[in-house]
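Coordinate inspection notes
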Amino acid sequence: MTSAATNSAPAPAVSPAALRELIESRRAIRRFSSEPVPEAVIRDCLELAVLAPNSCNLQPWSFQVIRDPQLLGQLHGVCMQQNAAKAPLIIAVLARPDTWRQACADVIHYWPEAEVPQRIRHFYSKTAPFQYNQGPFGLLGFCKRQLLRLAALRKPLMRGPNSHGQMRLWAVKSTALAAENLMLGFQSHGYASCPMEGFDEVRLRKVLKIPRHALPIMLLAVGRATDKGVYNPRLRFPLEQQVTWL
Ligand SMILES: Cc1cc2nc3c(=O)[nH]c(=O)nc-3n(C[C@H](O)[C@H](O)[C@H](O)COP(=O)(O)O)c2cc1C
């Protein structure tokens with residue numbers, strides 16, 4: 001069993017300098033060679049993606065791996081012919097506000113010990129389904145919001161997600177973390193990437209047959225970087241402008 005599957009927190013295996021080097025070396029790359037990305041690399045990176053922290057471990061994401069040249073050609077159009085979309089591999093990263101019910105059952109089904117602890121069984125069969133169910137037209141969510149408003153007068157309570165909109169945000173948060181893992185995974189294998197939100201969502205949904213409630217949060221172009229793949233020098237605002245120390 002790997003440390004990832006055990007209860008104990010593994011000691012960090014990567015030095016701060018090595019992690020910094022990996023993160024600093026990732027840039028948004030817009031020009032790729034046509035060299036295909038090996039399936040073993042894609043699998044490894046997807047495995048890293050799904051190790052991302054995520055809300056209640058309900059893993060509200062899914063991925064579509066696109067390597068078919070015809071489909072890639074269509075995506076280039078959907079991405080308004082932008083250069084980054086000419087990669088040999090595109091991964092559609094989807095947030096899934098719609099999979100929580102199955103995920104609750106899956107946590108119990110895939111529990112990595114012989115016995116599912118009672119507190120886990122209770123949480124995923126009672127608490128979580130109540131927390132995430134918004135009911136038809138979001139009506140249950142609306143009622144929960146009002147009840148919470150009253151109950152929270154007495155003690156601090158978690159206020160959401162209690163609407164379909166909040167459920168979308170809920171899923172996007174965890175999925176964005178998975179997307180970053182995915183990019184760093186490819187970077188560690190020597191492949192460059194570019195996250196893209198510059199696409200026509202309506203056409204994308206048609207081309208990839210994206211499930212109705214799934215949210216394509218980004219398309220990740222992946223491949224070997226070629227010359228002039230970085231368009232601009234690295235720019236970040238001063239930390240002091242963005243950080244408050246309390
Ligand atoms: C959600 C998201 C959407 C993006 N969409 C595009 C895009 O459509 N096309 C593109 O060329 N770059 C896109 N980028 C890349 C950003 O422009 C890039 O990350 C940013 O300029 C910082 O540069 P760096 O990643 O090299 O540090 C996107 C990045 C993110 C996180």
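Figured I'd write up the structure that's included with this text. All of these numbers come straight from a predicted model, not from anything done at the bench. Residue positions are given per chain, counted from 1 along the sequence in the order it is written. Two thresholds apply to this predicted model, a pLDDT of at least 70 for residue-level local features and 80 or more for giving and counting side-chain atom pairs, whereas whole-chain, interface and lining totals are computed over all residues. Neither water nor hydrogens contribute to the side-chain values; these are computed over all heavy atoms in the structure.

Let's talk about the site of the ligand
To be explicit about the condition: Whether a residue is near a molecule or strand depends on its heavy atoms: it is near if one of them lies within 4 Å of it. What qualifies as a polar contact is a pair of N or O atoms within 3.5 Å, subject to a donor-acceptor requirement within protein and to the restriction that residues adjacent in sequence count only when both atoms come from side chains. Only the protein chains shown count as cover for residues, and the accessible areas themselves come from Shrake-Rupley with a 1.4 Å probe. We call Asp, Glu, Lys and Arg charged. Ala, Val, Leu, Ile, Met, Phe, Trp, Tyr, Cys and Pro are nonpolar, and the rest, Gly among them, are polar.
Neighbouring the ligand are the residues Arg26, Arg27, Ala28, Arg30, Gln82, Cys194, Pro195, Met196, Glu197, Gly198, Arg234 and Arg236. One of the backbone N or O atoms of proline 195 is found 3.0 Å from a nitrogen atom in the ligand. Between the ligand and the protein, one listed contact pairs a nitrogen atom with a backbone N or O atom of glutamate 197 at 3.0 Å. In isolation the ligand offers 620 Å² of accessible surface; the protein chains occlude 68% of this area. Tallied by class, residues from the shell around the ligand come to four nonpolar, two polar and six charged.

Regarding the pairing of strand E2 (residues 89–95)
The condition that has to hold: A simple rule labels every residue: compare its accessible area, found with a 1.4 Å probe on the protein chains alone, to the largest value its type can have, and call it buried under 20%, exposed over 50%, or partly exposed in between. Helix and strand definitions follow DSSP, with helices as H or I runs of at least four residues and strands as E runs of at least two, each counted in order from the N terminus. Strand pairing is assigned whenever DSSP detects at least two bridges linking the two strands.
The element E2 is extensively covered by neighbouring structure, given that seven of its seven residues are classed as buried. Every second residue of E2 is oriented toward a common face, with Leu89, Ile91, Val93 and Ala95 on one face and Ile90, Ala92 and Leu94 on the other, all of them buried. Both strand E1 (residues 61–66) and E2 contribute to a ladder of six bridges, which runs antiparallel. Bridge assignment links phenylalanine 63 to a residue of E2, and that residue is valine 93. The pairing of E2 with strand E4 (residues 215–223) spans seven bridges and is classified as antiparallel. Within E4, the residue paired with alanine 92 across the bridge is leucine 219.

Considerations on the side chain of arginine 26
This is how the line gets drawn: Charged residues are defined narrowly, with Lys and Arg counted positive, Asp and Glu counted negative, and His plus the chain ends left uncounted. The rule for a salt bridge is simple: a side-chain nitrogen of Lys or Arg has to be within 4 Å of a carboxyl oxygen of Asp or Glu. In what follows, residue pairs with any heavy atoms lying within 4.5 Å of each other are defined as contacts.
By the element assignment, arginine 26 lies in the loop between helix H1 (16–25) and helix H2 (39–49). Although arginine 26 lies buried, it forms no salt bridge, and the closest oppositely charged side chain, glutamate 180, sits 4.6 Å away as judged by the N-O distance. Apart from residues no more than four positions distant in its own chain, arginine 26 is found in contact with Met183, Leu184, Gln187, Arg234 and Arg236.

Quick word on a nonpolar patch on the surface
Quick reminder of the rule: To count toward a patch, a residue needs a relative accessible area over 30% and no salt bridge; like charges are then connected within 9 Å, while nonpolar side chains (Val, Leu, Ile, Met, Phe, Trp, Tyr) are connected within 5 Å.
Nonpolar side chains collect at one region of the surface, where Val14, Leu19 and Ile23 lie side by side and expose about 250 Å² of accessible area between them. One can find valine 14 in the segment before H1.

Topic: the pattern of salt bridges
For the structure shown, the criterion picks out seven salt bridges. For arginine 20, the salt bridge identified is with glutamate 24, shortest N-O distance 2.7 Å. Residue arginine 20 and its partner glutamate 24 are located together in helix H1, separated by four residues, close to a single helical turn. Look at arginine 20 and you get exposed, because its relative accessible area is 54%. We note a salt bridge from arginine 224 to glutamate 35, for which the minimum N-O separation is 3.0 Å. Within this pair, whereas arginine 224 is found in the loop between E4 and helix H9 (239–242), its partner glutamate 35 is found in the loop between H1 and H2, the two being separated by 189 residues in sequence. A residue is classified by how much of its surface remains accessible, and glutamate 35, at 35% relative accessible area, is partly exposed. One salt-bridge network, in which partners are shared between bridges, spans Glu39, Arg43 and Arg67.

Looking at unusual backbone geometry
Here glycine 160 and proline 161 are connected by a cis peptide whose omega angle stands at 5°. Positionally, proline 161 belongs in the loop between helix H6 (139–151) and helix H7 (164–188). A positive phi angle, close to 45°, is found at glutamine 59, a residue other than glycine. Take glutamine 59: it is sitting in the loop between H2 and E1. In this structure, methionine 80 is a non-glycine residue whose phi angle is positive, near 55°. Within the secondary structure layout, methionine 80 lies in the loop between helix H3 (69–78) and E2.

Treat this as a map of the structure, not an account of what it does.
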